[in-house]
Amino acid sequence: MINRICISINNQCNLGCKYCHFHEKGILEDSEMNIYEILDNVKNYAKSDFKIGFVGNGECFLVWDQLKSYISYIENYDNISSYTITNGTVSLTDEDWMFLESHNVNVGFSLDGYKELHNMNRCDSFDKVIKNVEEYKRVTGHYPTFNATVGKESIHNADKVISFFKYYGTRVTFSRMIGKQGISLQEYRDFLSLAEKHISIRRGGLDCTMYGGQCGAGKNNYFFANGKVYYCGNCIDLPPVGDSSMRFEELEKISLQFDRNYCFKESL
Ligand code: SF4
Ligand code: SF4
């Protein structure tokens, strides 16, 4: 059963992070995608808890009015919850932060850790991100969750990274950096084992090995972008599974067989 999807609502970003694979040549397209149609398909399909992530190829807050309209579109569906991830550089008004809060939208800020580490790959955006994290806290009364990419530098400074996040007291979703600066699955798993002794982290489940769980490709979660549906955000440079209008009943029939303790894409 499919129980989560991510939807990339735009292909624009105001940053150019060094490790961003979305912005490699050829991955981004400007194809139209009817997001309301995807949401309708979810409404028709979801009989139990279903999670929608408004996250993908770009920065969602750059198209705030659209994001707000998609969230409103699913607001009366108790079994559908949503979250979004921001790069933290776009400031919202108090009213907008409260809109997200009152619609129970979990907001994750992409923040890799202490200033030098974060700025190394994320365009010197640390100060702006922290300012918006504090704004979020001032308006909602609590800190947001965080999404942090773990590369070689984080592994070498694991204690410093972990104590940085300890201050905020909220959950951190770490993800494994892949590519040239990437780390091995074992290095990443060792990092998570250390981190979970000190802070709340997302881990386990049928989801993605990059988050410390099993690979959910071709099973329970899909990624919608560029008018197409893909196995996951990292599989966007593989041939798509189908068009974004594809119904979930059809997607459900696809069942990839492989060892889910390893990343499907890396095993190709
Ligand atoms: S903020 Fe996200 S989408 Fe934008 S360049 Fe960085 S990693 Fe890529
Ligand atoms: S294919 Fe790899 S990146 Fe995609 S969901 Fe599976 S483990 Fe994660």
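The residue numbering used here restarts from 1 in each chain and proceeds along that chain's sequence as written. Each chain is given a letter, starting from A, and each ligand a number, starting from 1, according to the order in which they appear as written. Per-residue local features are limited, in this predicted model, to residues with pLDDT of at least 70; the limit for side-chain atom pairs, both in listing and counting, is 80 or more; totals at the level of whole chains, interfaces and linings are taken over all residues.

Visitor: What am I meant to see in the site of ligand 2 here?
Guide: Taken together, 13 residues sit near ligand 2, with Cys208, Cys215, Cys232, Asn234 and Cys263 positioned nearest. Here the residues of the shell around ligand 2 are counted per class, giving 9 nonpolar, 3 polar and 1 charged. Throughout this description, a residue near a molecule or strand is one whose C-beta atom, derived from the backbone, lies within 6 Å of it. Gly is put with the polar residues, along with every residue not named as nonpolar or charged; the nonpolar set is Ala, Val, Leu, Ile, Met, Phe, Trp, Tyr, Cys and Pro, and the charged set is Asp, Glu, Lys and Arg.

Visitor: I keep staring at the site of ligand 1 and nothing clicks. Help me out?
Guide: Lining the immediate surroundings of ligand 1 are 10 residues, of which Cys13, Leu15, Cys17, Cys20 and Asn87 lie closest. By residue class, the composition of the shell around ligand 1 is 5 nonpolar, 4 polar and 1 charged.

Visitor: In this structure, what is going on with the sheet that holds strand E5 (residues 145-150)? I would like to understand it.
Guide: Pairing between the strands of a sheet comes from backbone hydrogen bonds, and it takes one of two forms, parallel or antiparallel. Criterion used throughout: strands pair if DSSP finds at least two bridges between them. Strands are runs of DSSP state E lasting at least two residues, helices are runs of H or I lasting at least four, and both sets are numbered from the N terminus onward. Read across the open sheet, the 9 strands follow the order E6-E5-E4-E3-E2-E1-E9-E10-E11; overall the sheet is mixed. Lying at the two open borders of the sheet, with one neighbouring strand each, are strand E6 (172-176) and strand E11 (242-243). Relative to strand E2 (residues 50-54), strand E1 (residues 4-7) is paired through 4 bridges, and the arrangement is parallel. Note on E2: the bridge partner recorded for Ile7 is Phe54. Two residues form a contact once the distance between their C-beta atoms, set from the backbone, is within 7 Å. An axis is simply a line fitted to the C-alpha atoms; with a helix, the fit covers only the stretch in contact. Between two such axes, the angle follows the N-to-C directions and lies from 0 to 180 degrees. Against the sheet, helix H8 (residues 185-195) touches E5 and E6, its axis set at about 165 degrees to E6.

Visitor: Would you explain the pairing of strand E3 (residues 80-86) in this entry?
Guide: Where a strand is regular, its side chains alternate between the two sheet faces. In this structure, E2 lies alongside E3, joined through 5 bridges in parallel fashion. Across the sheet, the residue bridging to Phe50 is Ile80, located in E3. Handedness of the crossover joining E2 and E3 through helix H2 (residues 64-73): right-handed. The pairing of E3 with strand E4 (residues 106-110) spans 4 bridges and is parallel. Within E4, the position partnered with Ile85 by the bridge is Gly108. Traced from E3 through helix H3 (residues 94-102) to E4, the parallel crossover comes out right-handed. By convention, orient the strands away from the viewer: a clockwise path from the first strand over the helix to the second makes the crossover right-handed.

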